[in-house]
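Observations on the three-dimensional arrangement
Here are the chains, one letter per residue:
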Amino acid sequence: MIKILGFILTIAGGIGLVMGILAAFGNMEVGMSPWALIILGIVFFFAGIGLLKNRKDTDQT
C-alpha cells in the first residue's frame, strides 16, 4: 500500500513540476501561481521518492 501511495505522489509531483516550469518559463496559463506549482511538485516528488526508497510494502508477509 505504501508503494502505491509513493508511486502516486511521485507521478503527481512530476506532473506538477512540469506544469509549473512550463507556466513560469513558457506560454502556458494555469489557474494558480506557477511558482506554487513548482514548489508543490518538488515536495510531492521527493515525498513519493522517499516513500518508495525507505519503506517496505506492508502487503507482503
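Relevant structure appears above.
Residues numbered from 1 in each chain as written. Predicted model: local features only at pLDDT ≥ 70, side-chain atom pairs only at ≥ 80, totals over all residues. Heavy atoms only, no water.

Per the stated rule, a full pass over the model turns up two aromatic pairs. A centroid spacing of 5.9 Å and a plane angle of 90° characterise the contact between Phe25 and Trp35, whose relative ring orientation is edge-to-face. Taken together, the residues span a long stretch of sequence, with Phe25 in helix α1 (residues 2-25) and Trp35 in helix α2 (residues 34-54) at a distance of ten residues. Ring geometry for Phe45 versus Phe46: centroids 5.7 Å apart, planes at 75°, classification edge-to-face. Its relative accessible area of 56% is what places Phe46 among the exposed residues. (Phe/Tyr/Trp six-rings, centres within 6.5 Å; stacked < 30°, edge-to-face > 60°. Helix = DSSP H or I, 4+ residues; strand = E, 2+ residues; numbered from the N terminus. Buried < 20%, exposed > 50% of the residue type's maximum accessible area, 1.4 Å probe, protein only.)

Purely geometric numbers; function is a separate question.
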